[in-house]
Amino acid sequence: MPLARRALLTLLSGSAALLAAPAVAQTASPRRSGGELTFLIGSLDSGWGLNEKVDSYTGIVWGQLADKIVHVDDKGEATPWIAERWEENAGQSEFILHLRAGPSFADGSPVDARAVAANIELWARGDTSRGVGRLGLFPSSTYKGSEVLDDRRVRVSFTRPTLSFIPTLGYHKTVLRSLASLNLKAEELGNLDRQIGSGPFTLQSWLEGDHVVLRRRPDYNWGPQALAHQGPASLERITFKVVKDAAIRAAALQAGQAQIALNIAPHELRPLKARGIRAVAPDSLGFVSGFSVNTRAPFFDDVRLRQALQHAIDRQEILDTVFTEDWKPVTTLLQPNVPEAADLSALLAYDPEKSNRLLEEAGWQRGADGIRARGSDKLRFNLFASPWVGTSKQVDEVIVQQLQKVGIAARLQVVDIATFNARVRNNDSVPLREISRSFLDAGVVGNVLTDADRGDNWFKLGQSNETLNRLAQDIATAVDRRSRAETLKEAQRYVLEQGLFIPTAQLNQRLYVQAGTVKGEAYSGGGYALYHGAWLDA
Amino acid sequence: MSATTFSPAGRRGRVGAQPLAVLLSFAVLALVVGWSAAPWLFTGNDPFFGVTARKLLPPSAEHWLGTDHLGRDLYARIVHGTWSSVTSALIATVIGLAVGGLLGLASGFLGGWVDTVIGRLIDMLLAIPNFLLAVVIVSAFGFQTINVAIATGVASVAVFARLMRSEVMKTSTAVFVEASALAGGRPAHVLLRHVLPNAYRSVVALAVLQFGTSILTIAGLAFLGYGDPPPAADWGLLVANGKDYPSSPWLVFAPAAVIVVTVLAINRLSRWIRHAA
Amino acid sequence: MSRQSFLPFAARRLGHALVVILLAYSFTFLIISVLPGDPVSNMLLDPENGFTEEEIAPIIAHYGLDRPVLEQWWRAISRFALGDLGISLRASRPVSAMLLEALPSTLVLAGTAMLVALLLALAIAYASQSLPRRWGQGVARVLPALSLSVPSFVIGLVLIQVFAFQLGLFRITDPNGAAATVFAALALGIPVSAQIAEVLIANLDHEAGQEYFAVARARGLRLSQLFARHQLRPSALPVVTMIAVSIGELLGGSLITETIFGRKGVGSLVQSAVVTQDFPVLQSLVSLAAVVFVLVNLAADLLYPLLDPRLRRRAAAGRPA
């Protein structure tokens, strides 16, 4: 395909249609087998142990090395992978997984019911004796147990309705590993040589925190049913190389020393695109970027102040300043592709007049320095940028300026993870806590509203708000998706109206910036790449 | 011949010494002092509040050094960042010079068990790479300019001490010093008249370098993500933040050039002062 | 130096070395214990996971991170004294294996950088004495200050931009190749060379002002002979000190250089250990640096008397050098 046309295609497809872009290209150029892909990544520091050791970087490597029980697409829909089908009881508390025949781990052991049950058991409970915690997103609180019915059937039981179980199986951390890998001693868990998956690629070589080289597995024939490509992978080899500095990743990509770089600062995308390099921002399921408001923080028990904040933020300016056209405007607190997401843009309109009015009503008068005050109290607070989101600092810088315009003095603090945990978690003097949370099932929303059932209690209202109590209860006990979706929409509206959550921008934690020659890759609902079907155009 | 009246580089140092260079250095220093004392006299732009629609503009008549990612005037940010850049580097240098110098002096001059104890402490500090020490101190006590300055200073204590000790030992074994001691000079007298004046040459050279190094260490810490939070405009921070915008190279080169020119000027002046004395 | 005075001297130095290493280990432990948080909660308290503090308490207890600081220190240092470096909390692998992986690359880098630094410093110092006075010497004298005033990561970024990406002399995906190593060593060595050059020039000037120098000069010795015989030798003492001191600089600087050049080594290991508060790794690395340091300084102290005859008498008289 001529370069100009490819560039044009890239331009036309934009981000929304990028998933479809490879399909378009497919007709133009035939699949090519072989070739090596170099993927630059910012970190592989979390190691290769179990459960929470799979983070948003190593998760991409695991996606090629290991399979999952189901594949979850960008709408949260689960489709067969290692499980060719599943049954659930009417109460959504018992599931029987029917496994596909044939898959084997790279060490030769079968991917059978015993292995799958052992994996699920470890996700749900962890193993404290080896220092392995349970998997955070797994519905452990209602988990009863897994039972091997025969070689290819596993029964998983819960004490209560658990709609989120099946989607969770497509999570980037629920990767299937061989029994031998699960049972390694504590000091061997991080040894990637001994962490065996059943994926389309196997390990060729690696160096701790530096690189991982994968080679295709010739007998692989059990990829996700939803993907176009079946059989062994097309790429011969994939090299994941750690390059910590984003500007260097960008330059290396531009110089043709790599085909894909993960997470390049949005403002550097334009010059790259001019050279035929595409930015792929796969839709990922979860909450948008934004702040949960701590109602126990000084002054923030006042709904007028919270609403003033909601309308003082110009979300378009954030998009224009920090991001590119690859980011879509937010319409609610859920990512746009979440099926339950409502369009509540009106509640998020930029309206400084209204903010000023609300603040005046609440008794906050502008002082000589432009900062509002009420009596001896000044309207000022610390705003902590999230150490987990790369663009958080830039977004918060813009927000600080915007708040300044309506007389609110927010002081930006940039700290590391340890300090953030120490100073922001459980600190009721910090009013805004930045949220970056993905999920595969929107049921998680019910779990953050109150502190019932070990809920996250984002707004620090405990169970004092009747509306939130009812919404949380209804979401948790729902047994069918459609009625739950209605409740979820009501919850979004209420939370935004009350100014309890202040969305800022679409959350885009995985931005794949790649050469135009990369074709045929796919993405899971969490935005994790699958290079099983990928190939390199000659 | 007494070493105090002997100024070795004096004759040779004047080789490259253009009065012009000294005058220029004075001008640079005056400008830096002016920037830190009264920044508003030098720029009318707001260093902390930008017009986002005018972001990442290259240098122009309106914005001499261009604008940053929030549309803030870079020149204004450099001018307003002077005070904190200069003071933090000074604090770091003074800590290193004072603490390290005294330790090295005591160690080298007194010898014996004092030398042993101080020697172990210094060895321990030296054994922990400076930069790592600074990183750990800053993450323990918070990312503020003052902490960064203290961390940088503490990290340089050992280098000063070590150099001072070796200089003191070198001069105190010199013939004229030993002669003075034999002639019945009191230790304090020997120290003040002979050892210090001779040792100061290398130590002052290091102190001047340390001033520049401190600005750079702060920049290095910022590069690794341990910087003062925005909207701080320390020179080192400006350089470190600027490198994230490779397609707007002025964001790196303008503040880096300011650092280079300032450090060079101070260096030149210190040499001039030493030789004039 | 006589044999009788040398042996006890060396033995005493070795004793000191052990003390320094244990001190460095404990000092790091102390500072880290001031840091907020611990590696396990840092990892688990990611908002993605939605864990509560109560839930992760047993995991923290498993690693003994809930014990009093003094008890943790005692357990760690007694293990360390027996040669057990422990298990990385981040990577779930033995620390010793991780150190062995990282060490060779850093040794090569630091060695090359030191070589580069010495060559550059000597060249600059020679230029400062031999070039035409008006401009040449001025430039040579300004160079060290100039290269010391550029942030080292800027040097690294410029080198990598020009030589890797514009000229294609090396690939970022193969940072341990010969060309890549030389450029990384240049980035790391330039600031070190500047420091050595500064001290060297100051001392060369001093020697050039001495009377014997003028005498030698009057005898008609050529400049290069003067430089080597009369200026360089007496200046060697402070230079050896600077080199010994620079070892720490090289190890510290490798933090940034390895990050920029994408090299796996001690520096990048330190960086990730600090970020994730991986105490066992960090402490082992600090002790390793201490071992290297002590060895280099031992060598330097033993060299002093050889380089400066005046110190030889003093050492023979029984005072520690």
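Here the structure is a predicted model, which is why all the values come from computation and not from measurement.

1. Brief notes about the domain arrangement of chain C
Residue and element names in this part refer to chain C.
Part 1: Domain annotation for chain C reports domain 1 (5-95) and domain 2 (102-316).
Part 2: One C-alpha centre belongs to domain 1, the other to domain 2; they are set 32 Å apart.
Part 3: Facing 29 residues of domain 1, the contacting portion of domain 2 comprises 20 residues.
Part 4: Across the domain 1 to domain 2 interface the summed buried area is about 2100 Å²; carbon plus sulfur atoms make up 69%.
Part 5: A per-residue breakdown of the area domain 1 buries against domain 2 is headed by R13, I32 and R90, which together make up 26% of the total.
Part 6: Our count for the domain 1 to domain 2 interface comes out at zero salt bridges.
Part 7: Seen at the junction of domain 1 and domain 2, the total is four residue pairs in polar contact (both at pLDDT 80 or more).
Part 8: Residue assignment for the side of domain 1 that touches domain 2 shows that the elements contributing at least two residues are α1 (3-34), α2 (39-44) and α4 (69-81).
Part 9: Per-element accounting of the side of domain 1 that touches domain 2 gives the leading share, 13 residues, to α1.
Part 10: Residues that form the side of domain 1 that touches domain 2 fall into these classes: 20 nonpolar, six polar and three charged.

2. Some points on the UniProt feature "transmembrane region" (unreviewed entry) in chain B
All names here are of chain B.
Part 1: Under the UniProt annotation, the feature "transmembrane region" (unreviewed entry) is placed at residues 20-42, 89-114, 121-140, 146-164, 203-227 and 247-266.
Part 2: Segment residues 146-164 splits into 100% helix and 0% strand. End C-alpha atoms: 26 Å apart.
Part 3: Annotated as residues 247-266, this span is 85% helix and 0% strand, and its ends, taken at the C-alpha atoms, are 32 Å apart.

3. Here's the deal with the interface of chain C and chain B
Part 1: Counting residues at the interface gives 70 residues for chain C, matched by 63 residues for chain B.
Part 2: Of the roughly 5900 Å² buried between chain C and chain B on both sides combined, carbon and sulfur atoms contribute 70%.
Part 3: Our count for the chain C to chain B interface comes out at zero residue pairs in polar contact (both at pLDDT 80 or more).
Part 4: Element by element, the count of residues in the side of chain C that touches chain B is highest for helix α10 (residues 223-261) of chain C, at 13 residues.
Part 5: Looking at the side of chain C that touches chain B, its residues break down into 40 nonpolar, 17 polar and 13 charged.

4. Side note on the pattern of salt bridges
Part 1: All told, the structure shown has 41 salt bridges over all chains when counted by the stated rule.
Part 2: Between E208(A) and R93(C) there is a salt bridge, with the nearest N and O atoms lying 2.8 Å from each other. Of this pair, E208(A) sits in the loop between β8 (201-207) and β9 (211-216) while R93(C) sits in the loop between α4 and α5 (95-130), each in a different chain. Like E208(A), the residue R93(C) is buried in the burial classification.
Part 3: We note a salt bridge from R372(A) to E360(A), for which the minimum N-O separation is 3.0 Å. Note that R372(A) is positioned in strand β15 (residues 372-374) and E360(A) in helix α11 (residues 352-361), a separation of 12 residues in sequence.
Part 4: Residue E360(A) is classed as partly exposed on the basis of its relative accessible area of 36%.
Part 5: One continuous salt-bridge network, built from bridges that share partners, spans E208(A), R90(C), R93(C) and E101(C).

5. Quick look at the UniProt feature "transmembrane region" (unreviewed entry) in chain C
Residues and elements named next belong to chain C.
Part 1: UniProt tags residues 14-35, 107-127, 139-165, 177-201, 236-261 and 281-304 as "transmembrane region" (unreviewed entry).
Part 2: Between the C-alpha atoms that bound residues 107-127 there is a distance of 30 Å. The span itself is 100% helix and 0% strand.
Part 3: Measuring from the first to the last C-alpha atom of residues 236-261 gives 33 Å, for a span that is 100% helix and 0% strand.

6. Focus on the sheet that holds β15(A)
Part 1: With antiparallel pairing, the three strands of this open sheet are ordered in space as β14-β15-β16 (chain A). This sheet does not close on itself; its edge strands, each paired only once, are β14 (365-366) and β16 (377-378) of chain A.

7. So, the nonpolar core
Part 1: Formed by 206 residues in total, the largest nonpolar core has its most connected members in W235(B), F153(C), I160(C), I260(C) and F261(C).
Part 2: With residues near it in sequence (within four places) discarded, F153(C) still touches A219(B), G220(B), F223(B), V239(B), A240(B), K243(B), I256(C) and I260(C).
Part 3: Counting residues in hydrophobic clusters, the runner-up holds 69 residues, among them V111(A), A115(A), A124(A) and L334(A).

8. Regarding the sheet that holds strand β7 (residues 153-158) of chain A
Residue and element names in this part refer to chain A.
Part 1: Within the open sheet, the four strands sit side by side as β4-β5-β7-β6. Their pairing is antiparallel. Strands at the two margins of the open sheet, each flanked by one partner only, are β4 (83-88) and β6 (143-150). Looking at each pair of strands side by side, their axes are set apart by 20 degrees on average, direction ignored.
Part 2: Where strand β5 (residues 94-99) meets β7, five bridges bridge the pair, whose relative direction is antiparallel. Paired with E94 across the bridge in β7 is S157.
Part 3: Running over the sheet, helix α4 (residues 113-125) touches β5, β6 and β7 and is turned about 175 degrees from β6.

9. Observations regarding α5(C)
Part 1: Counted at 1.5 Å a residue, the expected span for α5(C) with its 36 residues is 52 Å, and the 51 Å between its end C-alpha atoms agrees.
Part 2: At L103(C), α5(C) shows its largest kink, close to 30 degrees, and the proline P104(C) lies no more than four residues downstream.

Calculation criteria
- Residues numbered from 1 in each chain as written.
- Chains lettered and ligands numbered in written order.
- Predicted model: local features only at pLDDT ≥ 70, side-chain atom pairs only at ≥ 80, totals over all residues.
- Heavy atoms only, no water.
- Domains from an automatic or database assignment.
- Contact = heavy atoms within 4.5 Å.
- Buried area = accessible area lost by both parts, 1.4 Å probe.
- Salt bridge = Lys/Arg side-chain N within 4 Å of Asp/Glu carboxyl O.
- Polar contact = N/O pair within 3.5 Å; in protein donor to acceptor, adjacent residues only side chain to side chain.
- Helix = DSSP H or I, 4+ residues; strand = E, 2+ residues; numbered from the N terminus.
- Nonpolar A, V, L, I, M, F, W, Y, C, P; charged D, E, K, R; others polar.
- UniProt positions renumbered as here; feature names shortened; annotations may be inferred.
- Buried < 20%, exposed > 50% of the residue type's maximum accessible area, 1.4 Å probe, protein only.
- Pairing = 2+ DSSP bridges.
- Core = buried A, V, L, I, M, F, W, Y, C linked by side-chain atoms within 4.5 Å.
- Axes fitted to C-alpha atoms, helices over the stretch in contact; angles between N-to-C directions.
- Expected span 1.5 Å × (residues − 1).
- Bend = angle between axes of the 7 residues up to and from the residue.

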